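An overview of the molecular structure
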Amino acid sequence: MAALEKATGDVVLKFEPFVLHVQCQELHDAQLLHSVAVDSGFRNSGITVGRGGKIMTAVRSTHCLEVPLSHKGKLMVSEEYIEFLIHVANQKMEENI
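Labelled according to an unreviewed UniProt entry, the chain appears under the name tRNA wybutosine-synthesizing protein 3 homolog, originating from Centropus unirufus. Of the comments in the UniProt record for the chain, the one headed Sequence similarities (unreviewed entry) reads "Belongs to the TYW3 family." The UniProt entry for the chain carries this comment under Catalytic activity (unreviewed entry): "4-demethyl-7-[(3S)-3-amino-3-carboxypropyl]wyosine(37) in tRNA(Phe) + S-adenosyl-L-methionine = 7-[(3S)-3-amino-3-carboxypropyl]wyosine(37) in tRNA(Phe) + S-adenosyl-L-homocysteine + H(+)".

Before going further, it helps to examine the sheet that holds strand β4 (residues 55-60). Strand order in the open sheet formed by 3 strands is β2-β4-β3, and the pairing between neighbours is antiparallel. Of all the strands in the sheet, just β2 (19-24) and β3 (46-49) have a single pairing partner and so form its edges. Each adjacent strand pair in this sheet contributes to an overall mean axis angle of 20°, direction not counted. Of the strand pairs in this sheet, β2 and β4 are connected by 6 bridges, and their pairing is antiparallel. The residue bridging valine 19 from the neighbouring strand is arginine 60, located in β4.

Through backbone hydrogen bonds, the strands of a sheet pair up, either in parallel or in antiparallel fashion. Ordered by their spatial adjacency, 3 strands build an open sheet running β1-β5-β6, and the pairing between neighbours is antiparallel. Looking at which strands have only one partner, the edges of the open sheet turn out to be β1 (11-15) and β6 (74-75). Against the sheet, helix α3 (residues 79-96) touches β1, β5 (65-71) and β6, its axis set at about 155° to β5.

Of note, lysine 72 is a non-glycine position whose phi angle comes to about 50°, a positive value. Checked against the element boundaries, lysine 72 lands in the loop between β5 and β6.

Moving on, we get to the nonpolar core. In this structure, Leu4, Phe15, Leu65, Val67, Leu69, Val77, Ile82, Leu85, Val88 and Ala89 together form the largest nonpolar core, which totals 10 residues. Taken together, the elements giving at least two residues each to this core come down to β5 and α3. In terms of residues, this core owes the most to one element, α3, which gives 4 residues. When neighbours within four sequence positions are excluded, leucine 85 is seen to be in contact with Leu13, Leu65, Val67 and Leu69.

Moving on, we get to the environment of isoleucine 82. Its location among the elements puts isoleucine 82 in helix α3. Along the primary structure isoleucine 82 and leucine 13 are separated by 69 residues, whereas in three dimensions their C-alpha atoms are 8.9 Å apart. Not counting residues within four places of it along the chain, the set of residues in contact with isoleucine 82 comprises Met1, Leu4, Leu69, Leu75 and Val77.

What counts as what
- Residues numbered from 1 in each chain as written.
- Predicted model: local features only at pLDDT ≥ 70, side-chain atom pairs only at ≥ 80, totals over all residues.
- Heavy atoms only, no water.
- UniProt positions renumbered as here; feature names shortened; annotations may be inferred.
- Pairing = 2+ DSSP bridges.
- Helix = DSSP H or I, 4+ residues; strand = E, 2+ residues; numbered from the N terminus.
- Axes fitted to C-alpha atoms, helices over the stretch in contact; angles between N-to-C directions.
- Contact = heavy atoms within 4.5 Å.
- Core = buried A, V, L, I, M, F, W, Y, C linked by side-chain atoms within 4.5 Å.
- Buried < 20%, exposed > 50% of the residue type's maximum accessible area, 1.4 Å probe, protein only.

Have a look at this one:
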């Protein structure tokens, strides 16, 4: 709260979800990993094939959170709401683990 009171710009609470990048030897391997990831609940997963043929599978969670707290130095939410957001972000971190 002390840091928010000193802020002069915009402040955003942001929680980034779990991301695992795996380089695969064959496209079939990447497709299998992608299928397992999606079936396990990691719906934002995907496959990327680079120009040089490098095949990467990204396993991504959907547990993200991004909430503005202040705008131009003015606090836009209550301290109680910030405590609630921190609780939610900590729950999402536990889910990531």
